[in-house]
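# Residue-level structural notes
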Amino acid sequence: MIPHVSIRAFVHSPTASAAVERALADRHLARAQGEILSGGIAAAVAHYRAHVTPDVLIVEVERDVLAELPALAEVCDTRTLVLVIGQTNDVTLYKCVMQLGVSDYLVAPVDAVGVVASLRGLYEDGRQATKGKTYAFIPSKGGAGSSVISHNVAWLMAAREEKPVMLADLDMAFGAASLALDVRTQHKLTDVMQDAAQMDTALLDRLLIARGKHLQLLAPSAALAEAELPAASLRKLVELARDGFRNTVLDLPGAWSPTVKEALLMADDVVVTAQPDLISLRNTRALLDFLVRSRPNDPAPKLVLNQVGQRKRPELAPAAFVEALQFKPTVIVRSDPAVFGKAVNTGQTIPEIAPRSAASRELAKLSRELLGTEGAQKLSRRFSFRRG
Ligand SMILES: Nc1ncnc2c1ncn2[C@@H]1O[C@H](COP(=O)(O)OP(=O)(O)OP(=O)(O)O)[C@@H](O)[C@H]1O
Ligand SMILES: [Mg+2]
């Protein structure tokens with residue numbers, strides 16, 4: 001089955017439109033989120049000058065494919081898989097197009113079977129199987145704001161960047177992701193996920209709850225969990241997430257446990273959220289040391305300095321905190337009780353209620369940094385699509 005990916009098709013002909021539409025309804029694509037737009041490759045080029053390209057981009061080209069592709073390469077993220085529907089049935093052209101990094105070339109008129117087969121070819125032959133990324137969020141001390149930041153980043157990746165995301169709230173006792181995002185959960189996750197051997201894609205699909213088009217939430221019910229989530233179950237969850245989702249956000253509790261440690265070791269990226277005070281400084285130092293020591297060949301952890309400038313609360317000056325830590329934060333989020341309070345009370349995210357706030361800006365920067373889309377435009381100026 002094709003994982004949770006975003007697919008956009010820019011077509012000209014009614015035949016291609018109907019073929020893609022039927023393909024999107026196919027059971028193999030049940031988890032993918034697709035949309036069909038008109039205007040072919042020219043419309044795609046115009047649109048993606050201002051937007052991040054999806055996981056899969058299908059473009060129909062009416063005229064000379066080789067003449068039209070360079071403009072698309074200019075705006076296309078190198079991680080996007082590009083499928084071209086062209087008019088010319090010619091082996092030399094096919095080879096040229098594939099050499100440019102296009103993932104597949106289909107000759108018009110296409111049918112749904114051809115589109116499905118092409119997409120399955122890309123995702124099911126193992127080439128894409130391990131591509132999903134996991135981002136673990138951990139507070140350096142209780143209440144630092146790690147959960148709220150992880151929920152907002154997951155939402156931003158999903159809604160603004162249109163990337164399918166799974167958000168797993170792993171605070172089995174007091175997780176608040178379902179409240180924060182206003183969705184209903186009934187599953188006692190620690191019970192249903194107690195035995196790693198029983199966990200599979202079907203179970204995960206049953207437990208997920210959609211919030212909007214691209215965000216899927218895995219969250220415990222409000223009832224206090226009786227048991228811990230075993231480290232083996234966490235491992236299995238991350239494996240399933242990587243197979244099914246391009247992006248997974250793990251909201252970890254602050255309390256140290258074998259499961260939390262496992263999550264930090266498995267994640268592709270770790271985000272530590274700290275407040276500028278002494279205890280947080282000590283804990284952040286310990287966490288960063290652990291992360292750098294145990295993940296020597298991974299990207300450096302990212303630091304969020306949060307709730308800066310809280311009124312009536314003694315704090316270290318952010319500059320002094322950073323100096324003492326010898327570690328540069330990726331983003332600094334100021335304390336904004338009005339905006340954060342309203343978000344919690346209304347079950348909405350910060351960018352939904354205050355899109356122009358400083359917090360929204362910083363959170364968007366963090367989400368792009370993690371997705372690797374910050375500065376992607378520059379990167380994609382090289383003439384190369386990603387190979388499937
Ligand atoms: N920048 C901010 N300004 C104002 N309030 C904030 C800010 N960041 C977080 N908060 C608030 O702080 C509280 C704690 O946040 P959150 O639950 O995300 O912390 P946490 O780090 O996950 O802690 P834990 O998981 O240990 O409970 C929440 O009420 C949240 O709305
Ligand atoms: Mg939390």
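This text follows the structure it describes.
Residues numbered from 1 in each chain as written. Chains lettered and ligands numbered in written order. Predicted model: local features only at pLDDT ≥ 70, side-chain atom pairs only at ≥ 80, totals over all residues. Heavy atoms only, no water.

On to the pairing of strand β2 (residues 33-38), then. Pairing analysis gives six bridges linking strand β1 (residues 6-11) to β2, with the strands arranged parallel. Note on β2: the bridge partner recorded for Arg-8 is Glu-35. (Pairing = 2+ DSSP bridges. Helix = DSSP H or I, 4+ residues; strand = E, 2+ residues; numbered from the N terminus.)

On to the packing of aromatic side chains, then. Evaluated as defined, the whole model comprises three aromatic pairs. Aromatic pair Tyr-94 and Tyr-105: ring centres 6.4 Å apart, planes at 70°, arrangement edge-to-face. One end of the pair, Tyr-94, is in helix α4 (residues 91-99); the other, Tyr-105, is in strand β5 (residues 104-107), and eleven residues separate them in sequence. By relative accessible area, which is 31% here, Tyr-94 ends up partly exposed. (Phe/Tyr/Trp six-rings, centres within 6.5 Å; stacked < 30°, edge-to-face > 60°. Buried < 20%, exposed > 50% of the residue type's maximum accessible area, 1.4 Å probe, protein only.)

Moving on, we come to the pattern of salt bridges. Applying the stated rule across the entire model yields 14 salt bridges. Among the ionic pairs, Arg-31 bridges to Asp-205, the shortest N-O distance being 3.5 Å. With Arg-31 in the loop between α1 (14-24) and β2 and Asp-205 in helix α9 (residues 201-207), this residue pair connects regions lying 174 residues apart in the sequence. In this structure, the salt-bridge partner of Lys-133 is Asp-269, at a minimum N-O distance of 3.7 Å. Note that Lys-133 is positioned in strand β6 (residues 133-139) and Asp-269 in strand β11 (residues 269-274), a separation of 136 residues in sequence. For Lys-133, a relative accessible area of 30% corresponds to the partly exposed category. Because the salt bridges share partners, they merge into one network encompassing Arg-8, Glu-35, Glu-162 and Lys-213. (Salt bridge = Lys/Arg side-chain N within 4 Å of Asp/Glu carboxyl O.)

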